[in-house]
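The chain contents come next:
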Amino acid sequence: MAREIADVLGAKTRKDGYLEGNGYQVSWTFGHLCTLKEPHDYTPDWKTWRLHSLPMIPPRFGIKLLSNEAYEKQFRILEKLIQGAETVINCGDAGQEGELIQRWVLQKAGCRCPVYRLWISSLTEDSIREGFRNLKEAVEFKSLYEAGLSRAIGDWLLGMNATRLYTLRYGQNRQVLSIGRVQTPTLALIVNRQREIEQFKPEPYWELKTVYRQTTFSAAQGKFSKKEEGEALLQQVTGKEFTVTGITTKKGREAPPRLFDLTSLQVECNKKFAFSAEDTLKYIQSLYEKKLTTYPRVDTTFLSDDIYPKIPQTLKGLTAYAPLTAPLLAGKIPKSRKVFDNGKVTDHHAIIPTGMPVRTLSDSEQKVYDLVARRFIAVFYPDCEISTTTVLGEVEDVGFKATGRQILKPGWRVVFEKEAKEAKEAKDSADKGQAEETVILPEFVKGEHGPHQPDFAEKWTTPPKPYTEATLLRAMETAGKLVDDDELRDALKENGIGRPSTRAAIIETLFKRNYIRKEKKNLYATPTGVDLIGVIRDELLKSAELTGQWEKKLRQIEKGAYEAGVFLDELKQLVGRIVQEVCSDTSTRSIVIEEAPARPSGERKKADAAGNTEKKTEKTVRKSSARPAKSLSTPAPPVCPRCGGILLRGHTAYGCAGYKSGCTFRLPYETYGKNLTDGELSRLVKKASHDGA
């Protein structure tokens, strides 16, 4: 990044640790050069982990250089340059973390000259030149720095104190129990979902459907909780003619999907390509540094009005997508409030392509770029026009209904035709029972009648699904409330936990601590993670909703609407209360930590800066061999011999959890008994499968 800026400024001469020329000296950091001081830097008494030393609350927080020879050398170069400069221009990442990183360096280097801020959203030459023409006063970003500083100090207060507290009180063999302001409520989301799944008791229900003219109609009455009610209606309609009683057609429009913010891009990449959140961030950061996409660490899906005049030029630059951009460039580009809204853009706009020529990309980078480019093109296409048809039928006063949908004008969908075709083919091959709302119905006439084929089937309620990285990111974004509506999600973002730029690292930290594990796409808490959430009594430490309230205050600090001192005073009071509660716990509970297994192939093993607060303290605690950790629940239940799904214990039978996909394997209690152990059930399953059950 420094080289790109130096080229634009004319600083061509290479020096030791900086570039010089045309009156400029351009230097760089390696991420964080400075960090908050560790406990032992304030007093030797805090070096040893003791309960009576808690809470640790320094009278004034200080910063220090990271202990690294290369970092220390680069800082000395920066220090000399800053102290000899007439003016300093802060060109750090245009976000909260970038502001904090560079301000700490300026502070540590003793900067006394005027400081200006370069604030840009892409690294193209035009963007850099425009940014230098419009340098901003550093004071304009004071609130941004205060928010970043409050976040860092808050994480230190909670992470350092709670990690030592829970390790000393509940840890075994001097193993560290890591607690974090964001990581702990994120872990609690996974643990709570796991408990919901394990405690779920499937309930039977019945559905009455009938097939008329190769179209499936469902009973208007819906699901039956009592088998007898449905069977009575089945007898009533069997052998009688089906009559079409009404047809309604309603036309509608579907707007294009919104542009990407970082979280929605991570969600989409996890769904489509099984990329981890951290991997997606790595790929989009690389695309940004290659000048192909704009600044990635954003939480808005809108563009500001000043971007509108640049849209045609950007579209022209997407030469690989010329067949899709040509219709747009043939006329005036539409300007919609669903795309352009200054009120929804703060520091940066949504992630879009820059229009710069694409050179060599890795396969993964190409996939991410293609998503961003197609989403950008699609927002300027017309809405998709659809027609929804509802057909009502009747057999002997029993009502039935079928719903189908037809695309009249594809509009923006032509941009995604290839992937939509591939997705449909994959779905059709995997699932014959296509959702009714996507079925195109034949032509029906009111009053027509004829024979039909009724069917009465038993179904079972299903447990909630485990979190994937995609659904976990959404839950973090909305403080645990999973919603599909874009506008409602925007409203809930204010209380989300973590920031777009740190959520991936938080998830990686949970893997690194061996608090969670992954099976295929699903995330599960380990026994250690479950036990840790179990011993935490204070809801503020583990509630996504309550932690989201802290995040809201940090955002308010960034906007100058909340005092940083008040926020930190609240955290200090919380830390004091937690210490008092845990120290007064007289139970004998303890947690044994297992060593973390290697991450699955292809995924990043190293957690990012989110784990820094607690990992510094781990150096003082030696590792030891772990005893087998206690499990949250009974051993894994037996599996279905037909499809491999888990067998659930319902009210009337043992049944396969895969019934929603069509598996009908079940063992009634009245035949086999209700209180079988898992071992007995496993043996019975084997016998039943051999007997053809």
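Cut-offs and rules
- Residues numbered from 1 in each chain as written.
- Predicted model: local features only at pLDDT ≥ 70, side-chain atom pairs only at ≥ 80, totals over all residues.
- Heavy atoms only, no water.
- Helix = DSSP H or I, 4+ residues; strand = E, 2+ residues; numbered from the N terminus.
- Buried < 20%, exposed > 50% of the residue type's maximum accessible area, 1.4 Å probe, protein only.
- Phe/Tyr/Trp six-rings, centres within 6.5 Å; stacked < 30°, edge-to-face > 60°.
- Lys NZ or Arg CZ within 6 Å of the ring centre and 35° of its normal.
- Pairing = 2+ DSSP bridges.
- Core = buried A, V, L, I, M, F, W, Y, C linked by side-chain atoms within 4.5 Å.
- Contact = heavy atoms within 4.5 Å.
- Axes fitted to C-alpha atoms, helices over the stretch in contact; angles between N-to-C directions.
- Parallel < 35°, antiparallel > 145°, perpendicular 65-115°, else oblique.
- Nonpolar A, V, L, I, M, F, W, Y, C, P; charged D, E, K, R; others polar.
- Salt bridge = Lys/Arg side-chain N within 4 Å of Asp/Glu carboxyl O.
- Expected span 1.5 Å × (residues − 1).
- Left-handed = near helix turned anticlockwise from the far one by under 90°.

Colleague: Kindly report on the overall build of the protein chain, identifying the contributing residues and their values.
Modeller: Helix and strand counts for the protein chain come out as 24 helices and 20 strands. Relative to its full complement of 693 residues, the protein chain shows a buried share of 49%.

Colleague: Describe the packing of aromatic side chains, listing the residues and the values that go with them.
Modeller: Applying the stated criterion to the full structure yields 22 aromatic pairs. When the centroid spacing of 4.7 Å and the interplanar angle of 25 degrees are considered together, the rings of Y212 and F242 count as stacked. On the criterion of sequence distance, the pair formed by Y212 in strand β9 (residues 204–212) and F242 in strand β11 (residues 242–254) is long-range, its members being 30 residues apart. Overall, the relative accessible area of 4% leaves Y212 in the buried class. Here the aromatic cluster, defined as three or more aromatic residues joined through ring pairs, consists of Y212, F217, F242, F400 and F444. Residue placement shows R117 over the ring face of F141; its charged tip is 5.9 Å from the ring centre. It is K223 that lies over the ring of Y205; its NZ or CZ is 4.6 Å from the centre.

Colleague: Go over the sheet that holds strand β8 (residues 136–137) with me, naming the residues and quoting the values.
Modeller: An order of β6-β7-β8 is seen for the three strands of this open sheet, with the pairing classed as mixed. Whereas interior strands pair on both sides, the edge strands pair on one side only; in this sheet they are β6 (88–90) and β8. Pairing analysis gives two bridges linking strand β7 (residues 115–117) to β8, with the strands arranged antiparallel. Along β8, the bridge assignment pairs Y116 with E137.

Colleague: Hey, could you go over the nonpolar core for me, with residue numbers and the actual values?
Modeller: Counting residues in each nonpolar core, the largest one holds 79 residues, and the members touching the most others are Y166 and L532. Of all the elements, helix α6 (residues 142–170) adds the most residues to this core, at 12 residues. In contact with Y166, not counting residues within four places along its chain, are G171, L177, I179, V535, I536, R537, L541, I578 and V582.

Colleague: Go over the packing of helix α9 (residues 262–273) against helix α17 (residues 500–512), please, and point to the residues and values.
Modeller: Each packed pair of helices is defined by two parameters, the angle between the axes and the distance between the axes. One can describe the packing of α9 onto α17 by two numbers: an axis separation of 8 Å at closest approach and a directional angle of 40 degrees. Comparing their axes, α17 and α9 come out oblique. Facing L262, T263 and Q266 of α9, the residues of α17 in contact are P500, S501, R503 and A504. Partitioning the contact of α9 with α17 into residue classes produces three nonpolar, three polar and one charged.

Colleague: Break down the sheet that holds strand β20 (residues 666–668) for me, citing the residues and quoting the values.
Modeller: Read from one edge to the other, the open sheet built from three strands follows the order β18-β19-β20, with strand pairing classed as antiparallel. Edge positions in the sheet fall to β18 (647–649) and β20, since each has one partner strand and no second. In this sheet, neighbouring strand axes are inclined to one another by 20 degrees on average, regardless of whether the strands run parallel or antiparallel. Bridge analysis of strand β19 (residues 653–656) against β20 gives three bridges, and the strand direction is antiparallel. Residue pairing for β20: A653 is matched across the bridge by P668.

Colleague: Before we move on, can you summarise the environment of P464 with the specific residues and values?
Modeller: With respect to the helices and strands, the residue P464 is situated in the loop between β15 (453–460) and α15 (469–477). Given a relative accessible area of 28%, P464 falls into the partly exposed group. P464 sits 270 residues away from Q194 along the chain, and the two C-alpha atoms are 8.8 Å apart. Once residues lying within four places of it in the same chain are set aside, the contact partners of P464 are R193, E196, I197 and F200.

Colleague: Could you give an account of the side chain of N270, naming the residues involved and the relevant values?
Modeller: Residue position: N270 is located in helix α9. Setting aside residues up to four positions removed in sequence, N270 forms contacts with F275, T468, E469, A470 and K521.

Colleague: Got a sec to walk through the environment of V339? Specific residues and values, please.
Modeller: Here V339 lies in the loop between α12 (322–329) and α13 (363–378). Relative accessible area serves as the criterion here: at 5%, V339 is assigned to the buried category. A C-alpha to C-alpha distance of 9.3 Å links V339 and A350, two positions 11 residues apart in sequence. Not counting chain neighbours up to four residues away, the residues in contact with V339 comprise L259, F302, L303, V379 and F380.

Colleague: Which residues make up the pattern of salt bridges, and what are the values?
Modeller: Under the counting rule described, the total for this entry stands at 41 salt bridges. Ionic contacts of the salt-bridge type, sharing partners, join the residues R151, D155, R181, E551 and R555 into one network.

Colleague: Provide a residue-level description of α13, including the pertinent values.
Modeller: When the terminal C-alpha atoms of α13 are compared, their 22 Å separation across 16 residues agrees well with the 22 Å that a helix rising 1.5 Å per residue should span. The element α13 is largely enclosed, with a buried count of 12 among its 16 residues. In the core, the buried residues of α13 are packed alongside α9, α10 (277–289), α11 (311–317) and α12.

Colleague: I'd like a rundown of the pairing of strand β17 (residues 522–525), residues and numbers included.
Modeller: Across four bridges, strand β16 (residues 516–519) lies against β17 in antiparallel orientation. The partner of I516 across the bridge, within β17, is A525. With antiparallel pairing between neighbouring strands as the criterion, β16 and β17 make up a hairpin whose turn holds two residues, including K520 at a positive phi of roughly 55 degrees.

Colleague: How would you summarise the pairing of β11 if you had to cite specific residues and measurements?
Modeller: Judged from the two bridges that link them, β11 and strand β14 (residues 449–450) form a sheet pairing that is antiparallel. Following the sheet pairing, T243 is matched in β14 by H449.

Colleague: Before we move on, can you summarise unusual backbone geometry with the specific residues and values?
Modeller: Note: most peptide bonds trans; most residues except glycine with negative phi. Omega for the peptide link from L54 to P55 comes to 0 degrees, which places this bond in the cis form. Turning to its location among the elements, P55 is positioned in the loop between α2 (39–42) and β5 (63–65). Located in the positive-phi region is R213, a residue other than glycine, with phi close to 50 degrees. Mapped onto the fold, R213 is located in the loop between β9 and β10 (215–219). Despite not being glycine, Q214 has its phi angle at roughly 60 degrees, a positive value.

Colleague: How would you explain the packing of helix α3 (residues 69–83) against helix α4 (residues 96–108) if you had to name every residue and give the values?
Modeller: Where α3 contacts α4, the axes come no closer than 9 Å and their chain directions differ by 70 degrees. The orientation of α3 relative to α4 falls into the category roughly perpendicular. For α3 against α4, the interelement crossing comes out right-handed. When α3 is examined against α4, the residues F75, L78, E79 and I82 are found in contact with a partner set consisting of V105, L106 and K108.

Fair warning: the whole summary comes from geometry, so function is off the table for now.
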